[in-house]
Amino acid sequence: MAEEDLDRQAIEDLVESASRAIAGSENLDSLEAERIRYLGRKGELTKSLRSIKSLPAEKRPAVGNAINQAKERLEALIEERKTSLSASFVEEEPYPGDFTLPGRSGFSGGRHILHSVMGEIKEIFAGMGYSIAEGSDVELDYYNFEALNFPPDHPSRDLQDTFYINKDILLRTHTSPVQVRYMEKHKPPVRIIVPGKVYRNESPDPSHSAEFLQMEGLYVDENVSLADLRNDVTYFIRSFFGQDASVRFRPHFFPFTEPSAEVDMSCFSCRGEGCQICQKTGWIEIMGAGMVHPNVFRYAGYDPDAYTGFAFGMGIDRIAMLKYGIDDIRRFLTNDLRFLSQFWSEREMGE
Ligand code: DAH
């Protein structure tokens, strides 16, 4: 193409004739032929773009720009034409089936059993006035241990239990760090539950998994007592496992509570007589709990003389295993539909 052809007028003429050709193409094949004629590797517009090289340098940017705009415009026209040609292909055949038959809903997937159990537990606590708080899976050593009053040489800081990312950052080993994070940002009264994933560097076996779910609870106000803890925990256990459950507190140690306890409920399977589930003790351990340690209040910026509070923490996988008689915690993570679908409702099964 000669130099003088590359002016604005020449490009406009090219666009003009290409637009007409595109609008006039009657099927997808002839449209494609037009596309190749103008925009293909050896197409008209492509050729003019190549011949820019022969222009004086100061003219090149303006002409190049005009050619690129023309190209974009033609591409858009081709797309538009393609859409309208394809649309006219849809043939209007009458529906071959029977319109009056009831519809069949397809399989749309179901809720994971852990999700359902967590939802049920959240609902019980929401009914008692707890709101939901969340933290992040990647946590600072400070919140996971130090601010929870763990001494520097506490065994659970050991590399064997904790996945460290570096000296200061780790995957949280429990949901308790959210206690301090939440108190730093909110004044009492505080009444929260904290659902979430936690991680421990453990070899998996039927009752251990390197990742599992926990739910933390925290209630802080003036004059919160151990009796309040017992009341809320008992209400939860009875709502979830049945009104005839009895509850007992066994003294225990956690660095972030004082006094601390492990909470047991009477075995729902043998009703206290002793069976496999409760390992013949008649009791099943359900959570850890206690009164918030004054040092934890100090770390969070609360005055331990003005406020008291209780905290508890439970393993959601374990609770689901107990309630549904599941024998291996690893089943929750293998995503075997034969296992998961046992817990789906009929609606979720697509019936
Ligand atoms: N964080 C503890 C754990 O993972 C569970 C726990 C015990 C949480 C006592 C609490 C508590 O809030 O008061 O083993």
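Residues numbered from 1 in each chain as written. Predicted model: local features only at pLDDT ≥ 70, side-chain atom pairs only at ≥ 80, totals over all residues. Heavy atoms only, no water.

## Brief notes about the site of the ligand
Okay, step 1: His174, Ser176, Arg200, Gln214 and Glu216 are the nearest of the 15 residues found near the ligand.
Okay, step 2: For the ligand, an oxygen atom lies 2.9 Å from a polar atom in the side chain of Arg200.
Okay, step 3: Computed on the free molecule, the ligand has an accessible area of 360 Å², of which 89% lies beneath the protein chains in the complex.
Okay, step 4: Among the elements of the structure, strand E5 (211-221), strand E8 (283-292) and strand E9 (308-315) are those that each provide at least two residues to the shell around the ligand.
Okay, step 5: Grouping the constituent residues of the shell around the ligand by class yields five nonpolar, eight polar and two charged. (Near = heavy atom within 4 Å. Polar contact = N/O pair within 3.5 Å; in protein donor to acceptor, adjacent residues only side chain to side chain. Areas by Shrake-Rupley, 256 points an atom, 1.4 Å probe, with all protein chains shown as cover. Helix = DSSP H or I, 4+ residues; strand = E, 2+ residues; numbered from the N terminus. Nonpolar A, V, L, I, M, F, W, Y, C, P; charged D, E, K, R; others polar.)

## Topic: the packing of aromatic side chains
Okay, step 1: Counted by the stated rule, this structure contains 20 aromatic pairs.
Okay, step 2: Their ring planes at 25 degrees and their centres at 5.7 Å tell us that Phe254 and Phe256 sit as a pair that is stacked.
Okay, step 3: The interplanar angle of 65 degrees and the centroid separation of 6.1 Å between the aromatic rings of Phe332 and Phe339 together place this pair among those described as edge-to-face. Both residues of the pair, Phe332 and Phe339, belong to the buried class.
Okay, step 4: Pairwise contacts between aromatic rings join Phe125, Tyr130, Tyr219, Phe236, Phe240, Phe241, Phe268, Phe310 and Phe312 into one cluster.
Okay, step 5: Here the guanidinium or amino end of Arg191 rests over the ring plane of Tyr219, the centre of that ring lying 4.2 Å away. (Phe/Tyr/Trp six-rings, centres within 6.5 Å; stacked < 30°, edge-to-face > 60°. Buried < 20%, exposed > 50% of the residue type's maximum accessible area, 1.4 Å probe, protein only. Lys NZ or Arg CZ within 6 Å of the ring centre and 35° of its normal.)

## Some details on the sheet that holds strand E6 (residues 247-254)
Okay, step 1: Spatially, E1-E4-E5-E9-E8-E7-E6 is the arrangement adopted by the seven strands of the open sheet, whose pairing is mixed. The strands lining the two open edges of the sheet, one partner per strand, are strand E1 (131-132) and E6.
Okay, step 2: Packed on one face of the sheet, helix H5 (residues 113-127) meets E1, strand E4 (190-199), E5 and E9 and runs near 5 degrees to E5.
Okay, step 3: Its contacts with the sheet put helix H7 (residues 177-185) on E4, E5 and E9, and the angle it makes with E5 is roughly 40 degrees. (Pairing = 2+ DSSP bridges. Contact = heavy atoms within 4.5 Å. Axes fitted to C-alpha atoms, helices over the stretch in contact; angles between N-to-C directions.)

## Observations regarding the domain arrangement of the chain
Okay, step 1: Partitioning the chain into domains gives domain 1 (3-87) and domain 2 (113-343).
Okay, step 2: Here domain 1 and domain 2 have C-alpha centroids that lie 67 Å from each other. (Domains from an automatic or database assignment.)

## Let's talk about unusual backbone geometry
Okay, step 1: Residue Pro189 is bonded to the preceding Pro188 through a cis peptide linkage, with omega at 0 degrees.
Okay, step 2: With respect to the element layout, Pro189 can be found in the loop between H7 and E4.
Okay, step 3: Between Glu258 and Pro259 the backbone carries a cis peptide bond, its omega angle lying at -5 degrees.
Okay, step 4: Mapped onto the elements of the fold, Pro259 is located in strand E7 (residues 257-266).
Okay, step 5: Positive phi outside glycine occurs at Asn223, with the angle close to 60 degrees.
Okay, step 6: Within the fold, Asn223 resides in the loop between E5 and helix H8 (226-241).

## Let's talk about the nonpolar core
Okay, step 1: Judged by nonpolar contacts, the single largest core of 48 residues is most densely connected at Ile121, Phe125, Phe236, Ile237, Ile286, Phe312 and Met314.
Okay, step 2: At the level of secondary structure, the elements contributing two or more residues to this core comprise H5, E5, H8, E7, E8, E9, helix H10 (316-324) and helix H12 (337-340).
Okay, step 3: Top element by residues in this core is H5. It accounts for seven residues.
Okay, step 4: Every residue in contact with Ile237, bar those within four places of it in the chain, is listed here: Gly242, Ala245, Val247, Val263, Met265 and Ile286.
Okay, step 5: Counting residues in hydrophobic clusters, the runner-up holds 24 residues, among them Ala147, Val178, Phe297 and Ala311. (Core = buried A, V, L, I, M, F, W, Y, C linked by side-chain atoms within 4.5 Å.)

## Details of the pairing of E5
Okay, step 1: A large share of E5 lies buried, amounting to nine of its 11 residues.
Okay, step 2: The sheet contact formed by E5 and E9 spans eight bridges and is antiparallel. Among the inter-strand pairings, Gln214 is bridged to a residue of E9, identified as Gly315.

## Topic: a positive patch on the surface
Okay, step 1: Together, Arg41, Lys42, Arg50 and Lys53 make up a region of like positive charge exposed at the surface.
Okay, step 2: Mapped onto the fold, Lys42 is located in the loop between helix H2 (28-39) and helix H3 (44-50).
Okay, step 3: Relative accessible area serves as the criterion here: at 71%, Lys42 is assigned to the exposed category. (Patch = residues over 30% accessible without salt bridge, like charges linked within 9 Å, V, L, I, M, F, W, Y side chains within 5 Å. Salt bridge = Lys/Arg side-chain N within 4 Å of Asp/Glu carboxyl O. Lys, Arg positive; Asp, Glu negative; His and termini not counted. Charge placed at Lys NZ, Arg CZ, Asp CG, Glu CD.)

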